[in-house]
Amino acid sequence: MSVSNINGSGSQFLSLASDNIHEDAFTSVSGELAVLLLNTEEQQKQTEHQQLESARNDYTEALSHEVDALKAEADAAFRGACFSAGTAVLSGGFGVAAAETRRDRSWQGAVSQGLHDLSGPIGGLVGKTYGAADAKSAQGNEEAAKWRIDDAHDAIKNADGVQNKALDWVSSMSDRDAATTAAILSNKV
Amino acid sequence: MATAISPAPSGNVTDPSAMSSSGLSPEERLLALMVYTQTTQMNGAKTDVSLNAEQLEKLREQVKKALDDAREAKKDSGFWGGLAKLFGSDLATVAEAVAAVAAVVATGGAAAAILAAVAAAATLAADHAKELGIPVEVAMVIAVAASVASFCCGNAKGLVDVSKRVSDTAKDVRLCATIVAQSSKAAGAGCSVVEGKYDQHAAYFHADARAAEGQQQIVSADIDDALDRLGAALDHQDSAVKIAGSMQQQSAAANYAILNNWGGVA
């Protein structure tokens, strides 16, 4: 017998793609219908598992983007601090040079003051980044992926429920067939 | 993790492909196949739960370590930030104030120098208003008023007539104070770079913690998924076993009825 399992993400049920067990192996229409239902729901579960996998990958990707954005923001902030500090150090150097000229007004003093005033804006300009916005956007994508994961989980649970109902159906049909057979056989010749 | 579920030994259910010629009806073979499939699936789900639980534990450790490291980095950043403030703000402002007063003395009370001194006093007051527990604006007003009053009320007048020696000394003091102020600012800037580096480290650690937290959510979802699969497989298996048992019972009853009929005929 070559009944092949549907290979999925660990949730295979069974497939009727067999040369020995066919859907029409059942004598009653109801039996065939029940098997068809089982098979359909299994395929539905497979599709939802693929959706789940896809959403999972999207979530991982969005998470990676968020982490990259946060690190880029930290890098930019440090770069800004370096430029700001470098300008402040230059300003201090010119300030010392201005003091050594022993004059009230000197170009070194003017440069020192200018650099001092510019150090903050320069740091802000160099350290400017959209990392926080990117991280927020990535968080939004993560949320969307999580919703898709939840949806896929729900769909798989629903399919499981339908499969259980189909099995109950098969069980009741089997009982009914047996009762019929028993009734026929009990009619003695 | 204490709740790790060890996988059940697999292979305890015969492969239904070996039942092709065992005389079972298609329905029974189908049910046997279901039991086999669900058992395999249960074993897989148990293994998944166990592996994911271990991974979850590792990720928790990673988050904890990253947050601890971030806290340490933030502590270091705070230390260097304090130094940067000390050098770049407090010390530099005091030195500038000294330089401004020295300039007043050296220039004999020139208006520009007086204004510089007033500005320095205001800056100093603003910087220390918080420590004094008064609003910045109030501190600056007090400082400016005190400076102006001191210069207007004759303190500066006495300084105007300073000797050349005092003036030279004041110029030297002004030079030294200015150098100290500028050097202090430069040192403060250097400290702020170190502070920025530690801030960067802290942000990196926070990002790592965020990554591990996100992974935790994925692994938790995987565990939930595996548990769902386990539950569903158990349900399906129970149903299949129940149906198979019922079929066997019915078959036995039918055989008994046939034999009974034969007995009646004979």
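## Quick word on the nonpolar core
Move 1: Counting residues in hydrophobic clusters, the biggest one holds 64 residues, and the most contacted among them are A:Tyr59, A:Leu70, B:Ala99 and B:Ala102.
Move 2: When residues of this core are traced back to their parent elements, those giving at least two are α1 (29–100) and α3 (131–186) of chain A together with α1 (26–107) and α5 (164–265) of chain B.
Move 3: In terms of residues, this core owes the most to one element, α5(B), which gives 22 residues.
Move 4: Once residues within four sequence positions are removed from consideration, B:Ala99 is found in contact with B:Arg174, B:Ala177, B:Thr178 and B:Ala181.

## Considerations on the interface of chain A and chain B
Move 1: With 57 residues of chain A at the contact, the number on the chain B side is 59 residues.
Move 2: For the side of chain A that touches chain B, the secondary-structure elements that each account for two or more residues are α1 and α3 of chain A.
Move 3: Top element by residues in the side of chain A that touches chain B is α1(A). It accounts for 24 residues.
Move 4: Tallied by class, the residues present in the side of chain A that touches chain B amount to 27 nonpolar, 17 polar and 13 charged.

## Some points on the packing of α1(A) against helix α2 (residues 107–126) of chain A
Residue and element names in this part refer to chain A.
Move 1: It is the contact of α1 with α2, at a shortest axis distance of 8 Å, that shows an interaxial angle of 175°. Classified by the interaxial angle, the pair formed by α1 and α2 is roughly antiparallel.
Move 2: By residue class, the composition of the contact of α1 with α2 is twelve nonpolar, 13 polar and one charged.

## Looking at the packing of α1(A) against α3(A)
Residue and element names in this part refer to chain A.
Move 1: At their nearest, the axes of α1 and α3 sit 7 Å apart, and the two run at 165° to each other. Classified by the interaxial angle, the pair formed by α1 and α3 is roughly antiparallel. Helix-helix and strand crossings are classified by hand; for α1 and α3 the assignment is left-handed.
Move 2: Of the residues assigned to the contact of α1 with α3, the class counts are 26 nonpolar, ten polar and eleven charged.

Reading the values: rules and limits
- Residues numbered from 1 in each chain as written.
- Chains lettered and ligands numbered in written order.
- Predicted model: local features only at pLDDT ≥ 70, side-chain atom pairs only at ≥ 80, totals over all residues.
- Core = buried A, V, L, I, M, F, W, Y, C linked by C-beta atoms within 7 Å.
- Buried ≥ 20, exposed ≤ 12 C-beta atoms within 10 Å, placed from the backbone.
- Helix = DSSP H or I, 4+ residues; strand = E, 2+ residues; numbered from the N terminus.
- Contact = placed C-beta atoms within 7 Å.
- Nonpolar A, V, L, I, M, F, W, Y, C, P; charged D, E, K, R; others polar.
- Axes fitted to C-alpha atoms, helices over the stretch in contact; angles between N-to-C directions.
- Parallel < 35°, antiparallel > 145°, perpendicular 65-115°, else oblique.
- Left-handed = near helix turned anticlockwise from the far one by under 90°.

All quantities given are derived from atomic positions and should not be read as evidence of function.
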